[in-house]
Each structure stands twice: as structure tokens, then as C-alpha cells.
Amino acid sequence: MEPFNGTCPNSVSIGVSQLLFSQLLTTLANSYCDHTVYPADQSEEIIQTNNEFDFIVVGAGSAGSALANRLSEISSWKVLLIEAGPDPPIESDIPAMFFSLLGSKYDWNYKVEKSEKSCRSMVDNQCIWPRGRVLGGCSSINALLYKRGNAKDYDNWESLGNPGWSYENVLKYFKKLEFANSERLEKEAHGYEGYVHVEDFQEADLMDVKFNKELLVKLYGELGLPFVNDINANQKTGITMVPATVKNGIRWNTGRAYLAPIKDRKNLSVMKETLVTKVLIDGNKKAYGVEVFRNNVHKKIIAKKEVILTAGALNSPQLLMLSGIGPRDHLKDLSIPLINDLKVGHNLQDHIFLMNLLAKNTAKEFKQVSPLDLLYSYLTRRTELGSMTVADTMAFVDTQNLTNDYPDIQIFHFSYPVKTNSLPDYLRTANLPEELIEKYVKENEKHYLIHFLPTLLRPKSSGRVMLKSTNPLDPPKIISGYLTESDDITTLIRSIKFIHKLANTEVFKSCCELIEIQPLEECRDLEQLTDEYYECLIRNFAQTVYHPVGTCKMGPISDKGAVVDARLKVYGVEGLRVADASIMPKIVSGNTNIPVIMIGEKAADLIKEDWLNEFSHTEL
């Protein structure tokens, strides 16, 4: 049996009600795990000295971990990677336990501002946006699904004035990051020497899953959607099973992928649980380092070549604005001296899905499996908790033309065994009130449930990230902008009608009934099955898929909304780049984690091209 290779705390961070489960997990996992997976924390040493670095990378998430690895391939360069959070805990490594990390200390726990247009059924009318505050960033707390987006997304980026970002150009970086290990993948479309392990989820062998992947394939097939074996190679409409960022049932976050193999590399230093509060910029508008805050101590750290922000679509714009780079009027209101007037924080985009559509299985008998059985199965065979049941089975649908190869909706499927704790746990992370959660739990008391989650792939609506104050410890002000454009409502209404078509198929009717959870009050008096009723459901139940992007937009200098150019350099400031989800001019059509890793890989090559006389992939 392969060792657990996790980071071993004294206990895991799941709830008190799961104490026995927690104790067994800790006891067994400690016997398998490797205490030295991740690089050592050098924060105290760096705080106490006056070390200078060639490059400072801010944020050890999906892009930052990849970028730090690739830059430190050049042995003559000293690279510093700074992360606000700690190492991932044990439960992060177990795929099926990713919900337990949401809302924990490994999450920034951000909330969006209240809006009359969205999140109406959430507590205080606020959606919660999980963001990873941990080595590996969101790759340590996400659902691990491997999706590149659509080729047309990247061709569109290039058409907007970003040379080098077409799908043909970025495909080599998708391949470069991959260590693919799945028989379902088309060999020529994937890479086999990268750091990110790409495999199928382990299959469950204990649970009696009545609504399984095969049934979903038949269900969509009855409406004419074909099965697509490798959606990353053949990007079109259809039902598919995507691979995951796992190795033998263990999460392969970017800390494990990119940092663990080089943890002893002499020219790479890592600071953990250290907050970057400001980019240092001199009178000539050149970035020369960062200010950090750790254990009530402020410290300036010098970067001789560049500072690269990889802190994500919320924290990178926050840090730029705290440093004087952002909208003139907004910074003036906060008395922040202006370095450069750019549309930092604008262009915020996110995928949203509806969370009120469920199928209940009408089968009468289900095999009940105890949490201890599930855990033992995972630790000995990597099954059960190494599986996401049907979460890797998803549909890509064009709601206007099922034969179109540029889908506008992605449908996720989450499954919930009878009387599972995972359903209320998930709903609480979504900030639903307890009275509404009870509606879901009541259905789950006697029925195996499948969540149908239609997701808006290319929203027209956009929001904004702003500063609440000049205190870097305060969270940013997040205006989601959800559902401010009517086209988004129209597309989501079509997605609901598509789910109803699924519910009327012979396959569906042979096993299931559709449940449409209603809000507590608002939609009750509206005539059901009307567009007005559906819009009410959407404004109450639309929720984040954890994919915010776009707030440091990449574009040509002629684009008044652009913050960085096609080489990811911040306009008007020398020695400063951004390389994360925030640079996306338009959100990609699918999960964002893998595209963000790709951005980190490509950014490393851009930096090497700019600083080396002759570009080389090899160490100098």
C-alpha cells in the first residue's frame, strides 16, 4: 500500500460530532504519513535577516507554486515564495472530504456584498466565496476536477489583443503541467512528464449507488447528447467523465505537485503564514520588493528583478490597490497615494450554478455504510473517500442548440447517500439558513439524492473588487455583480427547462423523481413553470462555483480596462507582474484550476525569455 504522504497534525479539523471518525483518521494516517512532504517554513530566518531575492512570488496557490518551481530551475536566481496560510491538513488529501475545508482556517471565508439581484435566500442575503488560504491555495480545497476550458476561450483572449494566448499557444503548457495516467485520455492531447498527476477518481466499492455514472450517460443520451470520452481533447457538447488532480486516491495540490519535489532546492525559500501587505515601489515607478506582516512584525524584503503577484482574483487586486495601483477615485477616497490609475478590481467574473434542483431515487433499499468503514476502505484501498461518486460526470450543453460545439451550460452532479452529513455540511458552506437546509435534509431522510447543478459558463454580468479600508488585514469588498445582465437570467432559465426535459425522459422516470426546492417566502405566490417563477428561483439560489477571475485584466494598452499586458506586466510599473486567475480577460468555459496552473507555467517562460539572453528550459 502506498504511504499516505500527508501533513500530520495532532488532530484533524472536522466537527465534534465526528470525533470518533477524527480520532481514527488521525491514528491511522499518522502511521502512514510523511512529515516532510512540503518545503520547510523559512519565515523566521528571513524576518531576522536582510536577505535579498531576485524574484518574489506572492501566493503559493495554483499559479504561484508552479511559477516558483519553474523560476528556481535557474540556479543563479534566488526565488522567494510567500504564502499567507499553512501547510494543508490531512483531510485535504482525501478527495471526498473537500467540503470539510470550506469555512475552516484554510479558507479566507470571504462574503460578497448584499444585492437585491442575487443570493436572496442566503443568510443576510450574502453568498460566501471560499478561497484557499493554504499552501496550494484553492488546489488544496477544491473539488479536484480537471478541465481546461474550451479552445475558443483562448482564441478569444488572443483576438482581444493578447498575442501568444491562443489555444494553439497555450496547449503546450497544459501538456507541460500534466503527468497523465488514464486510459480514457487521448494520448496525443496530453502530457506525461509534468508535475500535476491527472488520473480518474478511485471508484467506490462499498456503497450501493443507485444513480451512477452509467445511468447519467443513458439519461443525457436519451436527449441526444453523446458521450465524450476525453472532453479536454474533444471540446464539444456531451456527457463526459473528467479526470482529476489525484494520484492513487490522494489529492495532488500544487504544493505537493510543484513544491514537494524541490523542497530542498537551495535557491528557493518559502515563507508560510506570512501576509504581504504592500508592494514596494520607488519614485521611478519600479517595484523593488514587498512589505510582509508576521507575528506582529513588519518586514521589508527586497526583489532585485521582479515581484510577481499570484494571490488570486481577490487578493492580487487588493494588494495592488493597497500599493497605490488602481482606480484614481477609489484610492483618493481612501487617501492612498496614486502610483498608476488602472482599472484594478473591475471585470470580476464568476461561474454560478443553481442549487435547488435535485433528483430523488425511488428505489426502496439502500446499503448503509458507516463512516468508519468508509475511512478504513480509503486507508487500505484508496476507495470510497478517494471517489467523488458522480461528481466527475458532467454535461456540457448548449441550451439553444444541442449540436453546437461551444456549450453555454455545464451541469455538475453531486450525490448524497441516505441520511448523509455531507448534504447539510455543503449547504452551510453555501450560507443557506437552517430552515431551508431542513427542506433538503427532509428529502434525504429516505432518499438517495442527486444534485443537478446547471452552471452558467460565460456570464455577461460582472462585478468588482474594492478596498474596505487601508488595513491589509481587512477583507476586500466584493461586489459579485451576479445577474445584473438579463442574458444570464435567460440562459439559466433555459438550463432549468433542460433539466425538466431530462426529468421527462424514460430513463429518469424509471428511477427518479425531480425535486425543486423553493425559497422560504419569495416565490410562493408566483405561477410555477413560468419564466417569472424561474427568475425568482435563480435570484434566490444562484451560488458561486468558486471560480472568480478577471480583476487584473490582460489586454493591449488601447484597452482602457487592461491592468497587465500580454506578458503579464503591470502597466506603468517596472518589475511587477500578475500571473493568476485575475488576468483572464474573459472567464473560461469550465473549471478554472487547471487554466490557472497553465498561466503560472506560461508566466515562468515569459519571465525567463525577458531575463535570459537565450531562452532555455534547462538550468544555467
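Bear in mind that the values here come from a model prediction, so they are computed numbers and not experimental data. (Residues numbered from 1 in each chain as written. Predicted model: local features only at pLDDT ≥ 70, side-chain atom pairs only at ≥ 80, totals over all residues. Heavy atoms only, no water.)

A.B. asks: Lay out the packing of aromatic side chains with the relevant residues and their values.
C.D. replies: Applying the stated criterion to the full structure yields 18 aromatic pairs. Look at F414 and Y426: their rings are 6.2 Å apart centre to centre, the planes differ by 90°, and that puts the pair in the edge-to-face class. You can see F414 sitting in strand β20 (residues 409-416) and its partner Y426 sitting in helix α11 (residues 422-429), a full twelve residues away along the chain. Considered together, F414 and Y426 belong to a single accessibility category, that of buried residues. Through successive ring pairs, a cluster of aromatic residues spans Y154, W157, W165, Y167 and F174. Its guanidinium or amino end placed over the ring of F53, K78 lies 5.1 Å from that ring's centre, counting from NZ or CZ. Here K602 stacks its cationic end above the ring of W165, 5.0 Å away from the centre of that ring. (Phe/Tyr/Trp six-rings, centres within 6.5 Å; stacked < 30°, edge-to-face > 60°. Helix = DSSP H or I, 4+ residues; strand = E, 2+ residues; numbered from the N terminus. Buried < 20%, exposed > 50% of the residue type's maximum accessible area, 1.4 Å probe, protein only. Lys NZ or Arg CZ within 6 Å of the ring centre and 35° of its normal.)

A.B. asks: Before we move on, could you go through the pattern of salt bridges and cite the residues and values that matter?
C.D. replies: Taken as a whole and assessed by the stated rule, the structure comprises 34 salt bridges. Across the pair R294 and E44 runs a salt bridge whose closest N-O atoms are separated by 2.9 Å. Of the two residues, R294 is situated in strand β13 (residues 287-294) and E44 in helix α2 (residues 43-48); the sequence distance between them amounts to 250 residues. Taking the relative accessible area as the measure of exposure, R294 reaches 13% and is therefore buried. (Salt bridge = Lys/Arg side-chain N within 4 Å of Asp/Glu carboxyl O.)

A.B. asks: An account of helix α8 (residues 312-322) is needed here, citing residue identities and associated values.
C.D. replies: Of all the eleven residues making up α8, eleven are buried; the element is thus mostly covered by neighbouring parts of the structure. Those residues of α8 lying buried are G312, A313, L314, N315, S316, P317, Q318, L319, L320, M321 and L322. G324 occupies a position one or two residues after α8 and carries a positive phi of about 95°.

A.B. asks: Please give an account of the state of the cysteines that cites residues and values.
C.D. replies: A complete count under the given rule lists two disulfides for this structure. With its sulfur 2.1 Å from that of its partner, C119 forms a disulfide with C127. Taking the torsion about the S-S bond as the criterion, the C119 to C127 disulfide, at about -105°, is left-handed. What makes C119 buried here is its relative accessible area of 1%. Here C523 connects covalently by a disulfide to C536, the sulfurs 2.0 Å from one another. Its torsion about the S-S bond being -90°, the disulfide of C523 and C536 is classed as left-handed. Here the residue C523 occupies a position in the loop between β24 (512-516) and α15 (531-541), and C536 occupies one in helix α15, the gap between them amounting to 13 residues. (Disulfide = S-S within 2.5 Å.)

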